[in-house]
Amino acid sequence: MFKKIGLSLLLIVTMKAATLQVGTLTIAYAAPCQTLPQCREMSRETRDNIADIIEEEAALGEEIAAIQADITELRRETSELRAVIGQLEGDILGLSLEISALAEEIYDNLEILEETEARIEILVDQVAQRMRITQRVNNRNTILTLLSEAESLMDFIRTARMFSQIATEDAANMNELTALIAFQDELLATLEAQSEVLQTNRADLEANRAELRVEEARLEEAQTALIALENDMRAKMDYLGSNRINEQERLAAIEAAEEILSRTPPPPVVTQSVPSNNAASTGGNSGGSSAQAAIPSSSGMAHPLPGATVTSEFGPRWGGHHAGIDVEIFSRPSAPILAAASGTVTIATYGSGMGWHVVISHNINGQRVDTLYGHLRYRPPVSAGDVVSQGQQIGTKGATGFVTGPHLHFEVHPGGFSWNNGVDPRRWVNF
């Protein structure tokens, strides 16, 4: 989707203010491009990337709209699920009340059943006892004997009535016993039916509870999906915004670098003469312009400290790499440092190692070449963005930073400045 320029690349603006212990200085960091054609190509690619991001943003907008529609639908389903859950809770409450009522009714019927069973047992005993007595009487013809032995008619009637009452009571007991047995059977059937209803209701209650749990799980799943969709939408928005900001910052840095390169004048075409001793002695820390350049080399660059002696060459030194060349005029502690060629100042600041130093970007035959001037004595009289001419004073020889004595540390960087990546300055300047 995006082109070969990495979106995660750290993008910086070409010029940026920074506060140091020695004061507030204007610092220019390395630009993302080194030549005008490279800047134009990178600008085109970055604009294409921004266009791609805008296109993706439009597509993401449609996706967000769809996600929001899904969110609305999920919320509607959630509302419906909660309504169903509320109904289920009401049904469960009703079933609980019904089960409680059935339990009380069954309890009452069980008490009646116990009383009925006790009455049946009494009647069964009474009937059995009467039947045993009646059977004994019938076996010995006691009734006829008692009737025949009556002394009078009244005695006969009383005896007959006694046997009749006994028979009547036996019949009543049998009728009551029959009715109680029938009632018992009916009560048992009722209890059995009520027990079945109770079990059915309990099963329904458990089923409704299980359904409630399922609905609750669905609700939780829907809420989780809703949160995931919202988080995904926010993540995509953040990602898109970050990419767009990165590309816009990169484009700003490229345009700033392109603007500096476009303002960098070409090298001079007129070879200047070697400065006289009087001319070389002017300048100091005045910070003004001074045409004190030595004879330029074939590259067009002139000596940044005319009349100086080389004290340390480019290359290996002290177990490390010396990325520049050191020059010194021992008799002049405040000799002016001159621009080796016309160009634009990109760095003018203080560093712990290089002390006060200046970097100038030059346009040498269409190629960007940067020069560094280190260990200056004072704050440079130029700032990042200033256009300087060849031979213009940009500082004073000094010993700031990590040094063993006053001198000028000079570096050359074809393609643009980068720490410890310079080439041998003798290839560009006649020392």
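A separate point is the overall build of the chain. Scanning the chain for helices and strands turns up four helices and 13 strands. In the chain, 70% of the contacts between residues at least 6 apart in sequence involve partners at least 24 apart. By element, 55% of the accessible surface of the chain is carried by carbon and sulfur atoms, the whole surface being about 23600 Å².

Now for the packing of aromatic side chains. Taken as a whole and judged by the stated rule, the model has four aromatic pairs. Seen in terms of ring centroids, Tyr350 and Trp356 are 5.3 Å apart; in terms of plane orientation they differ by 75 degrees. Their pairing is edge-to-face. Linked through ring pairs, Tyr373, Phe410 and Phe431 together constitute an aromatic cluster. One residue, Arg317, lies across the ring of Trp318, its end atom 4.1 Å from the ring centre.

On to the side chain of His413. Note on placement: His413 falls in strand 13 (residues 408-414). Residue contacts for His413: discarding those within four places in its chain leaves Arg368, Val369, Asp370, Ser418, Asn421 and Gly422.

Following the criterion strictly, the structure yields 12 salt bridges and no others. Close ionic contact of Arg76 with Glu73 constitutes a salt bridge, the shortest N to O distance being 2.3 Å. On the criterion of helical spacing, the pair formed by Arg76 and Glu73 is a turn pair, its members being three residues apart in helix 1 (residues 36-139). The partly exposed category is assigned to Glu73, whose relative accessible area is 32%. A salt bridge links Glu313 to Arg426; the nearest nitrogen and oxygen atoms lie 2.6 Å apart. Of the two residues, Glu313 is situated in the loop between strand 3 (309-312) and strand 4 (315-317) and Arg426 in the segment after strand 13; the sequence distance between them amounts to 113 residues.

A word on the nonpolar core. Core analysis: the largest hydrophobic core is formed by 29 residues, its most contacted members being Val358, Tyr373 and Ile394. Every element with two or more residues in this core is listed here: strand 6 (325-328), strand 8 (343-351), strand 9 (355-364), strand 10 (367-376) and strand 13. If one sorts the elements of this core by residue count, strand 9 sits on top with four residues. Ile85, Leu198, Leu205 and Leu212 belong to the second largest nonpolar core, which has 14 residues in total.

With antiparallel pairing, seven strands are arranged side by side in an open sheet as 3-6-13-10-9-8-11. Whereas interior strands pair on both sides, the edge strands pair on one side only; in this sheet they are strand 3 and strand 11 (387-388). Note that strand 8 and strand 9 share seven bridges and pair antiparallel. Paired with Tyr350 across the strands is Trp356, a residue of strand 9.

So, about the side chain of Thr46. Here Thr46 is to be found in helix 1. Taking relative accessible area as the criterion, Thr46 reaches 0% and is therefore assigned buried. In terms of polar contacts, Thr46 uses its side chain to reach the backbone carbonyl oxygen of Met42, at 2.7 Å.

A word on unusual backbone geometry. Notably, Trp318 is not glycine yet its phi reads approximately 55 degrees, a positive angle. Along the polypeptide, Trp318 turns up in the loop between strand 4 and strand 5 (320-322).

On to the environment of Ala256, then. With respect to the helices, strands and loops of the structure, Ala256 is situated in helix 3 (residues 153-263). Classification of Ala256 by relative accessible area gives partly exposed; the value is 23%. Between the C-alpha atoms of Ala256 and Cys39, which are 217 residues apart in sequence, the distance is 9.5 Å.

Averaged over all residues, the pLDDT of the chain is 75; the fraction at 70 or higher stands at 74%. A low-confidence stretch, residues 1-30 stays under pLDDT 50, and its non-local contacts, those more than four residues away or across chains, total 75 contacts. The low-confidence segment residues 267-293, where pLDDT is below 50, has 56 contacts with residues more than four positions distant or belonging to other chains.

Take a negative patch on the surface next. On the surface, a cluster of negative charge is contributed by Glu104, Glu105, Asp108, Glu111, Glu114, Glu115, Glu117, Glu121 and Asp125. Inspection of the secondary structure puts Glu104 in helix 1.

Thresholds applied
Residues numbered from 1 in each chain as written. Predicted model: local features only at pLDDT ≥ 70, side-chain atom pairs only at ≥ 80, totals over all residues. Heavy atoms only, no water. Helix = DSSP H or I, 4+ residues; strand = E, 2+ residues; numbered from the N terminus. Contact = heavy atoms within 4.5 Å. Areas by Shrake-Rupley, 256 points an atom, 1.4 Å probe, with all protein chains shown as cover. Phe/Tyr/Trp six-rings, centres within 6.5 Å; stacked < 30°, edge-to-face > 60°. Lys NZ or Arg CZ within 6 Å of the ring centre and 35° of its normal. Salt bridge = Lys/Arg side-chain N within 4 Å of Asp/Glu carboxyl O. Buried < 20%, exposed > 50% of the residue type's maximum accessible area, 1.4 Å probe, protein only. Core = buried A, V, L, I, M, F, W, Y, C linked by side-chain atoms within 4.5 Å. Pairing = 2+ DSSP bridges. Polar contact = N/O pair within 3.5 Å; in protein donor to acceptor, adjacent residues only side chain to side chain. pLDDT = per-residue confidence, 0-100. Patch = residues over 30% accessible without salt bridge, like charges linked within 9 Å, V, L, I, M, F, W, Y side chains within 5 Å. Lys, Arg positive; Asp, Glu negative; His and termini not counted. Charge placed at Lys NZ, Arg CZ, Asp CG, Glu CD.

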